[in-house]
Amino acid sequence: MKQHTVTDSPYGPLTLVATDGVLSGLYMTAQRHRPDEETFGEPDPAPFGETIRQLDAYFARELKEFDLPMRLEGTPFQRGVWNQLRQIPYGETRTYGQLAEALGNVGASRAVGLANGKNPIGIIVPCHRVIGSTGSLTGYGGGLDRKQRLLAFESGTPDDALF
């Protein structure tokens, strides 16, 4: 059974989706690879209290690491990439190549990028912390402006000072 709710954030409304009471999606407006809203289930804020509490604490700079049960549905490779994303510390970045190397496949940078783009639980599974090999901003399902703002937020610098 799926349920969803929408919560406000400094980056616009976030749609939270739960499958059988466990967080399975966090989507921004106009996000690439955002599923059709008909797949989000019934509106019900009940399963999302702790998720919203932790998101609020993150945006208040009181939380740097999320501790939530999640249901990440994807291929084994995608789930491996998403697990690697969760290992990137707050305020730090990694390149697609570094993630591929951590997965034991140095030639998989493009595949890592594709899996990163299909991350179903943005922000909490921090795909915004992945950058290009030259240190440049590269694609982000929530938009490059949001990626830049999230990275600046975590590093404590003004939005336009990073890139």
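Please refer to the structure higher up on the page.
Keep in mind it's a predicted model, so treat the numbers as computed, not measured.

Residues and numbers for the pattern of salt bridges, please.
Opposite charge on two side chains lets them pair, provided their charged atoms get close. The final tally for this structure, using the stated rule, is six salt bridges. We note a salt bridge from Arg34 to Glu37, for which the minimum N-O separation is 3.1 Å. By relative accessible area, which is 21% here, Arg34 ends up partly exposed. One salt bridge in this structure joins Arg71 and Glu73, with 2.8 Å as the shortest N-O distance.

Let's hear about the layout of surface pockets: which residues, and what values?
Considered as a void within the structure, the largest pocket measures approximately 280 Å³ in volume. Together, 19 residues line the largest pocket, and Ser24, Tyr27, Pro35, Glu73 and Pro120 are the ones closest to its centre. Listing elements by their share of the lining of the largest pocket, those giving two or more residues are strand E2 (14-19), strand E3 (22-28) and helix H2 (76-85). Of the residues forming the lining of the largest pocket, the biggest block, three residues, is contributed by E3. In terms of residue class, the lining of the largest pocket is built from six nonpolar, nine polar and four charged.

Describe helix H5 (residues 144-155), listing the residues and the values that go with them.
Compared with the 16 Å implied by 1.5 Å per residue over 12 residues, the 16 Å span of H5 between its first and last C-alpha is a close match. Considered for burial, the residues of H5 that qualify are Arg146, Lys147, Leu150, Leu151, Ala152, Phe153 and Glu154. For H5, the elements touching its buried residues are E3, helix H1 (49-59), helix H3 (96-102) and strand E6 (130-131). Trailing H5 by a residue or two, Gly156 shows a phi angle of about 75°, which is positive.

Break down the packing of aromatic side chains for me, citing the residues and quoting the values.
Applying the stated criterion across every chain, the model contains seven aromatic pairs. Ring centres 5.1 Å apart and planes at 65° place the aromatic pair Tyr58 and Phe59 in the edge-to-face group. Its relative accessible area of 0% is what places Tyr58 among the buried residues. Centre to centre, the rings of Phe59 and Phe153 are 6.5 Å apart; their planes meet at 55°, and the pair counts as tilted. Here Phe59 is found in helix H1, whereas its partner Phe153 is found in helix H5, with 94 residues between them in sequence.

Rules used in this analysis
Residues numbered from 1 in each chain as written. Predicted model: local features only at pLDDT ≥ 70, side-chain atom pairs only at ≥ 80, totals over all residues. Heavy atoms only, no water. Salt bridge = Lys/Arg side-chain N within 4 Å of Asp/Glu carboxyl O. Buried < 20%, exposed > 50% of the residue type's maximum accessible area, 1.4 Å probe, protein only. 1 Å grid on protein atoms, 1.4 Å probe; cavity = no way out; pocket = protein on both sides within 12 Å on 5 of 7 lines; lining within 4 Å. Points joined across faces, edges and corners; volume = space filled by probe spheres on them. Helix = DSSP H or I, 4+ residues; strand = E, 2+ residues; numbered from the N terminus. Nonpolar A, V, L, I, M, F, W, Y, C, P; charged D, E, K, R; others polar. Expected span 1.5 Å × (residues − 1). Contact = heavy atoms within 4.5 Å. Phe/Tyr/Trp six-rings, centres within 6.5 Å; stacked < 30°, edge-to-face > 60°.

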